[in-house]
Amino acid sequence: SAVISQKPSRDICQRGTSLTIQCQVDSQVTMMFWYRQQPGQSLTLIATANQGSEATYESGFVIDKFPISRPNLTFSTLTVSNMSPEDSSIYLCSVELAESSYEQYFGPGTRLTVT
Amino acid sequence: AQSVTQPDIHITVSEGASLELRCNYSYGATPYLFWYVQSPGQGLQLLLKYFSGDTLVQGIKGFEAEFKRSQSSFNLRKPSVHWSDAAEYFCAVGSPNTGGFKTIFGAGTRLFVKA
């Protein structure tokens, strides 16, 4: 398994501002993922972030709104830009520990409220 | 396109009773199937997975799931539920994809356990 931490654990932000969420893993991983979980709903994949390449975004998510960095094999950030109340969600990062294992390990999530 | 259906939004069982959570999937080839559990305020934890082989798979915390291709189902079971099992359960289907592996999550089933 892996220890995955996220910062901040929660935040309340004003509309129009941006928030950067950090995800740290205690081991080197190739695949990292960012998900959004809106209140009472399931997880929706935002993007896949592989070290050394541009993040791959899912339909409905764009880099200008959700820029992602992946500077090394243990760390990634997701920025939620120009926030609106509709961005209020839990944001989760996950990793695939072993390449092609297809098992994901999740961080505890960042609960974002936009007012 | 892949999809996952969890017909039950919530289920209530008595402590010590048996449990079955339903999951149906839609996928053209042999799917990679997962069950995850999310306790309040926590990230998701992998309970078990099915890729191939024996259609009855054992997981952590006393859970098991059975893959039934003819019914496109992957139901999760536990013979005796404990109060600590109260959580949200997500069924997921995944497939190798250009650029990686993509996992689609069901809407989730919230389990309530009564004394």
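Rules used in this analysis
- Residues numbered from 1 in each chain as written.
- Chains lettered and ligands numbered in written order.
- Predicted model: local features only at pLDDT ≥ 70, side-chain atom pairs only at ≥ 80, totals over all residues.
- Heavy atoms only, no water.
- Disulfide = S-S within 2.5 Å.
- Helix = DSSP H or I, 4+ residues; strand = E, 2+ residues; numbered from the N terminus.
- Buried < 20%, exposed > 50% of the residue type's maximum accessible area, 1.4 Å probe, protein only.
- Contact = heavy atoms within 4.5 Å.
- Buried area = accessible area lost by both parts, 1.4 Å probe.
- Salt bridge = Lys/Arg side-chain N within 4 Å of Asp/Glu carboxyl O.
- Polar contact = N/O pair within 3.5 Å; in protein donor to acceptor, adjacent residues only side chain to side chain.
- Pairing = 2+ DSSP bridges.
- Axes fitted to C-alpha atoms, helices over the stretch in contact; angles between N-to-C directions.

## Here's the deal with the state of the cysteines
Okay, step 1: Inspection of the entire model under this criterion finds 2 disulfides over all chains.
Okay, step 2: Two residues, A:Cys23 and A:Cys93, share a disulfide whose sulfurs are 2.0 Å apart. The S-S bond linking A:Cys23 to A:Cys93 shows a torsion near 65°; that makes this disulfide right-handed. Of this pair, A:Cys23 sits in strand 3 (residues 19-25) while A:Cys93 sits in strand 9 (residues 89-96), and the two are 70 residues apart along the sequence. Note on accessibility: A:Cys23 and A:Cys93 belong to one class, buried.
Okay, step 3: Between the sulfur atoms of B:Cys23 and its disulfide partner B:Cys91 the distance amounts to 1.9 Å.

## Remarks on the interface of chain A and chain B
Okay, step 1: The interface of chain A with chain B comprises 19 residues on the first partner and 21 residues on the second.
Okay, step 2: Surface buried jointly by chain A and chain B totals about 1,500 Å² across both partners, of which 54% is contributed by carbon and sulfur atoms.
Okay, step 3: At the junction of chain A with chain B, the criterion picks out 2 salt bridges.
Okay, step 4: When the shortest N-O distance is used, the salt bridge between B:Lys49 and A:Glu103 registers 2.0 Å.
Okay, step 5: Our enumeration of links across chain A and chain B arrives at 6 residue pairs in polar contact (both at pLDDT 80 or more).

## Some points on the pairing of strand 9 of chain A
Residues and elements named next belong to chain A.
Okay, step 1: Here strand 9 lies mainly inside the structure; 8 of its 8 residues are buried.
Okay, step 2: Side-chain alternation along strand 9 places Ser89, Tyr91, Cys93 and Val95 on one buried face and Ile90, Leu92, Ser94 and Glu96 on a second face that is also buried.
Okay, step 3: Bridging between strand 4 (residues 31-37) and strand 9 involves 7 bridges; their strand directions are antiparallel. What sits directly across from methionine 32, in strand 9, is valine 95.
Okay, step 4: As paired strands, strand 9 and strand 11 (residues 110-114) are joined by 3 bridges and run antiparallel to one another. The partner of tyrosine 91 across the bridge, within strand 11, is threonine 110.
Okay, step 5: Bridge count between strand 9 and strand 10 (residues 104-106): 3 bridges; the pairing is antiparallel. Each bridged residue has a counterpart across the sheet, and for valine 95 the counterpart in strand 10 is tyrosine 105.

## Re the sheet that holds strand 3 of chain A
All names here are of chain A.
Okay, step 1: Ordered in space as 1-3-8-7, the 4 strands form an open sheet in which the pairing is antiparallel. Looking along the sheet, the strands with just one partner apiece sit at the ends: strand 1 (4-7) and strand 7 (68-72). Each neighbouring strand pair of the sheet contributes to a mean axis angle of 15°, computed without reference to strand direction.
Okay, step 2: The sheet contact formed by strand 3 and strand 8 (residues 75-80) spans 6 bridges and is antiparallel. Counted as the bridge partner of cysteine 23 is serine 76 from strand 8.

## Some thoughts on the environment of A:Arg111
All names here are of chain A.
Okay, step 1: Its place among the elements puts arginine 111 in strand 11.
Okay, step 2: A residue is classified by how much of its surface remains accessible, and arginine 111, at 39% relative accessible area, is partly exposed.
Okay, step 3: Residues arginine 111 and tyrosine 91, 20 residues apart in the sequence, show an inter-C-alpha distance of 6.5 Å.
Okay, step 4: Leaving out residues up to four positions away in the same chain, arginine 111 has contacts with Ser9, Arg10, Asp11, Ser89 and Ile90.

## Some points on unusual backbone geometry
Okay, step 1: The residue after A:Lys7, namely A:Pro8, is reached through a cis peptide bond having omega -10°.
Okay, step 2: With respect to the secondary-structure elements, A:Pro8 resides in the loop between strand 1 and strand 2 (10-13).
Okay, step 3: If you check the backbone angles, B:Lys61 has positive phi at about 60° while not being a glycine.
Okay, step 4: On the basis of relative accessible area, B:Lys61 is assigned to the partly exposed category, the value being 44%.
Okay, step 5: Non-glycine residue B:Ser72 carries a positive phi angle of around 50°.
Okay, step 6: Tracing the backbone shows B:Ser72 in the loop between strand 8 (64-68) and strand 9 (73-78).
Okay, step 7: Its relative accessible area of 26% is what places B:Ser72 among the partly exposed residues.

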